[in-house]
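For reference, the chains in residue letters:
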Amino acid sequence: MTGNRPRRPSDPRQAAEAAFKAATTKPPQDPPTKKPALPNAKEIVSLRIDREVLDHFQEAGPGWQDRINEALRKAIGK
């Protein structure tokens, strides 16, 4: 046999297991790269808050999410 070729298994069961492993094993992947954030881009999140807090911000109508965002920005000093 040549030096570069791997030796084939003589046992049919080993051959079947090797073929199955080759067909079902995912190739290694590079870790996903994080997309660069756009300046002032908004993120979609799920947030659990009290009903009375939500009612307070929704009282004035549309734009309640922006009002919550502004209140949170004030809370962190921005």
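The paragraphs below set out a description of the structure included in this document.

Reading guide: rules and limits
- Residues numbered from 1 in each chain as written.
- Predicted model: local features only at pLDDT ≥ 70, side-chain atom pairs only at ≥ 80, totals over all residues.
- Heavy atoms only, no water.
- Axes fitted to C-alpha atoms, helices over the stretch in contact; angles between N-to-C directions.
- Helix = DSSP H or I, 4+ residues; strand = E, 2+ residues; numbered from the N terminus.
- Parallel < 35°, antiparallel > 145°, perpendicular 65-115°, else oblique.
- Left-handed = near helix turned anticlockwise from the far one by under 90°.
- Contact = heavy atoms within 4.5 Å.
- Salt bridge = Lys/Arg side-chain N within 4 Å of Asp/Glu carboxyl O.
- Buried < 20%, exposed > 50% of the residue type's maximum accessible area, 1.4 Å probe, protein only.

## Notes on the packing of helix H2 (residues 51–58) against helix H3 (residues 64–75)
Link 1 in the chain: Relative to each other, H2 and H3 sit at 110°, their axes nearing to 8 Å. Judged by the angle between their axes, H2 and H3 are roughly perpendicular. The crossing of H2 and H3 is right-handed. On the side of H2, the interface is formed by Leu54, Phe57 and Gln58, while H3 contributes Trp64, Arg67, Ile68 and Ala71.

## Section: the pattern of salt bridges
Link 1 in the chain: Scanning the entire structure with this criterion turns up 3 salt bridges.
Link 2 in the chain: Between Glu17 and Arg13 there is a salt bridge, with the nearest N and O atoms lying 3.7 Å from each other. Here Arg13 and Glu17 lie together in helix H1 (residues 12–24), a separation of 4 residues that amounts to about one turn.
Link 3 in the chain: Here Glu17 falls in the partly exposed class, since its relative accessible area comes to 48%.
Link 4 in the chain: Overall, Arg13 belongs to the exposed group, its relative accessible area being 62%.

Geometry only, nothing functional implied.
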